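Next come the chains, spelled out residue by residue.
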Amino acid sequence: MKPKRSSRATVKHGGYTLIQGKKNKRIIGYIAFACVLSVMVIIAILFNSIAPTGVVDWMKVSFSGNAGGGFPIEYDSSIANDIYVENERLLVLTGTDIKCYSSSGAEIYSRIQGYADPSIKTSEMRTLVLERGSFRYKIESAYDTVYEDELENKIITGDICNSGTYAIVTESESELCEVTVYNKNNSAVYRFNSVSGYITDVSLSDDGKRLCVVSIGAENAKLISTVSVYKISSVNAIFTNKYNGEAVYKCNFNGNNINLITESRMLRLNSKGEQKEFLFGDLKLQRYEFFGSDTLLCLAPDAGSAITTVAVISSGCKERAKFSVDCSIVSACADKGSVYLLSDTEVLKYSYSGELKQSVQTDKGAIGIKALNGKVIILYADRLDKVEF
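Everything in this summary refers to the structure shown in the same document. Here the structure is a predicted model, which means the values were calculated and not measured. (Residues numbered from 1 in each chain as written. Predicted model: local features only at pLDDT ≥ 70, side-chain atom pairs only at ≥ 80, totals over all residues. Heavy atoms only, no water.)

Some words on the state of the cysteines
Consideration 1: Scanning all chains against the criterion turns up zero disulfides.
Consideration 2: Free of any disulfide, C212 has its nearest neighbouring cysteine sulfur in C251, separated by 3.9 Å.
Consideration 3: This cysteine, C298, is not joined by any disulfide, and C327 carries the nearest cysteine sulfur, 9.5 Å off. (Disulfide = S-S within 2.5 Å.)

The structure is reproduced here in structure tokens:
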């Protein structure tokens, strides 16, 4: 009988004996595991530098408060002022608190904000809370108050983007206004003064590398709005557009483009400042909302009109929907090819073609609505409720 052949072989090399076979396979396995682990560590380091709050904080935010709850949600004593949507979560600003809920109605947090005139700016991971006309601000996330500070000059407005970078506009002792941009670690990385006009709005690109600034001033005794876009590395503007006799209310980055809302039209500026427009004609702007890459506009002949024209405008300033409704609108939102309008007594669902799909009766006194995960959330002074179509 022939002896069984061993699965291991020995090789003499330089006075040493190398044993091949199962042991070598184990060594290769260890090396492969070490390589995979090294790649995972590198990915984690890169993600940590990209994520607004780092890997650990990102996990805390992602897995906080996603179960339980239900509607209606009643408040103990505070009166609600406004509602926001942040990364599929609901934020409710009351006179005393900021309340955050999951889309199912579970309370994620309720924190005292304590500001006389609070303003909220949202991003995917963080919320910037400003005390307008005063000096304080804070950064909130789903799991904690990340940062609080008190500035030397009074706050006018601000913005925060998905990278964690944020900008705050304040009054200035030497000039009209001052803009300061902070990174996700709350260190000032960019600052400039406005000498030509009073800054009314700012917007940051999602990556935090560009800043749009709207200022209003006067030239030759006439109103002039100035829109400038800067790289957060240079004091020289990429471009500056001026609008004589026209007030620009709002600027908003939409990818590489910028949406402007004025008193008479909506503008889309590309990265070079070239523009397209959607004119309001004889109608006046009543309310607007940016959602996804589109913009919802509600227009009427005057503030007390019972007829409202609803328009959905694409990022290229093209008309996706336009129709009229015979009622006064309290609030409006849009989602997935539908427009939702809140009147005094009901929520109306319209298609983009202007067809009334459904209406749901509501209690009087509703303040606003937001579309979230197939539901329409209704804000009352004392509670949140929902309707599903």
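Digging into the sheet that holds strand β33 (residues 375–379)
Consideration 1: Strands sit in the order β3-β34-β33-β32 across an open sheet of four strands; the sheet is antiparallel. Each having just a single partner strand, β3 (73–74) and β32 (368–372) make up the two edges of the open sheet.
Consideration 2: Bridging between β32 and β33 involves five bridges; their strand directions are antiparallel. The residue of β33 that forms the bridge with G368 is L379. (Pairing = 2+ DSSP bridges. Helix = DSSP H or I, 4+ residues; strand = E, 2+ residues; numbered from the N terminus.)

Side note on the nonpolar core
Consideration 1: Of all hydrophobic cores here, the largest spans 17 residues; its most connected members are L296, V312, V325, V339 and L341.
Consideration 2: Elements supplying a minimum of two residues to this core: β25 (294–300), β26 (308–313), β27 (319–325), β28 (331–335), β29 (338–342) and β30 (346–351).
Consideration 3: A total of three residues in this core trace back to one element, the largest contributor, which is β27.
Consideration 4: Contact partners of V339, with chain neighbours within four places excluded, come to L296, V310, V312, F323, C333, A334, L348, K349, Y350 and Y352.
Consideration 5: I156, C177, I199 and I232 belong to the second-largest nonpolar core, a separate cluster that totals 16 residues. (Core = buried A, V, L, I, M, F, W, Y, C linked by side-chain atoms within 4.5 Å. Buried < 20%, exposed > 50% of the residue type's maximum accessible area, 1.4 Å probe, protein only. Contact = heavy atoms within 4.5 Å.)

Brief notes about the sheet that holds strand β24 (residues 284–291)
Consideration 1: With antiparallel pairing, the four strands of this open sheet are ordered in space as β24-β25-β26-β27. With one partner strand each, in any of the chains shown, β24 and β27 form the two edges of the open sheet. Shown here is a sheet whose adjacent strand axes are inclined to one another by a mean of 15°, direction ignored.
Consideration 2: Alignment of β26 against β27, held across six bridges, turns out to be antiparallel. Within β27, the residue paired with T309 across the bridge is S324. (Axes fitted to C-alpha atoms, helices over the stretch in contact; angles between N-to-C directions.)

Describing the packing of aromatic side chains
Consideration 1: All told, the structure shown has ten aromatic pairs when counted by the stated rule.
Consideration 2: On the numbers, 6.3 Å between centres and 40° between planes, the contact of Y137 with Y182 is tilted. Of this pair, Y137 sits in strand β10 (residues 136–140) while Y182 sits in strand β14 (residues 177–182), and the two are 45 residues apart along the sequence. Of the two residues examined, Y137 and Y182, each falls in the buried class.
Consideration 3: Ring centres of F192 and Y230 lie 4.7 Å apart, and the angle between their planes is 35°; on these two criteria the pair is classed as tilted. (Phe/Tyr/Trp six-rings, centres within 6.5 Å; stacked < 30°, edge-to-face > 60°.)

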